[in-house]
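Listed below are the residues making up each chain.
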Amino acid sequence: MSDEKKGSPAFKMDWADVWGVAKNALLVAGAAGLTVVAQNLHVLDMGMYGPLVVPIIAVGLDTAIKWMKNNSK
């Protein structure tokens, strides 16, 4: 084990901490926005193409949400 400290000292934030918080906030906002769109797909009226297009959009949105969550490390 190393005695090396990682990150900033207690009760102080450096730019790496600020960037980490901002990045997490952007990921959460993006996932929330995509979730709202995915939950409201039933409102779209595309006529006879609805049963074809809505599942494609839903899979794309679900993939984007999972990608954003997995790449947040």
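Below: a short report on this structure.

**With respect to the environment of Gly 33**
Next up, step 1: For Gly 33, the position within the fold is in helix α1 (residues 15-39).
Next up, step 2: Residues Gly 33 and Ile 65 lie 32 residues apart in sequence; the distance between their C-alpha atoms is 9.5 Å.

**Here we look at a nonpolar patch on the surface**
Next up, step 1: Taken together, Met 13, Trp 15, Val 18 and Val 21 make up a surface patch of nonpolar side chains, about 490 Å² in accessible area.
Next up, step 2: Structurally, Trp 15 can be placed in helix α1.

**Things to note about the packing of α1 against helix α2 (residues 50-70)**
Next up, step 1: Direction vectors running N to C along α1 and α2 enclose 165 degrees, while the axes themselves pass 10 Å from each other. Accordingly, the angle class assigned to the pair α1 and α2 is roughly antiparallel. Crossing handedness for the pair α1 and α2: left-handed. Contacts from Leu 26, Leu 27, Gly 30, Ala 31, Leu 34, Thr 35, Val 37 and Ala 38 of α1 reach α2 at Leu 61, Ala 64, Ile 65 and Met 68.
Next up, step 2: For the contact of α1 with α2, the residue count by class is 10 nonpolar, two polar and no charged.

Cut-offs used in this document
Residues numbered from 1 in each chain as written. Predicted model: local features only at pLDDT ≥ 70, side-chain atom pairs only at ≥ 80, totals over all residues. Heavy atoms only, no water. Helix = DSSP H or I, 4+ residues; strand = E, 2+ residues; numbered from the N terminus. Patch = residues over 30% accessible without salt bridge, like charges linked within 9 Å, V, L, I, M, F, W, Y side chains within 5 Å. Areas by Shrake-Rupley, 256 points an atom, 1.4 Å probe, with all protein chains shown as cover. Salt bridge = Lys/Arg side-chain N within 4 Å of Asp/Glu carboxyl O. Axes fitted to C-alpha atoms, helices over the stretch in contact; angles between N-to-C directions. Parallel < 35°, antiparallel > 145°, perpendicular 65-115°, else oblique. Left-handed = near helix turned anticlockwise from the far one by under 90°. Contact = heavy atoms within 4.5 Å. Nonpolar A, V, L, I, M, F, W, Y, C, P; charged D, E, K, R; others polar.

That's the geometry; what it means functionally is another story.
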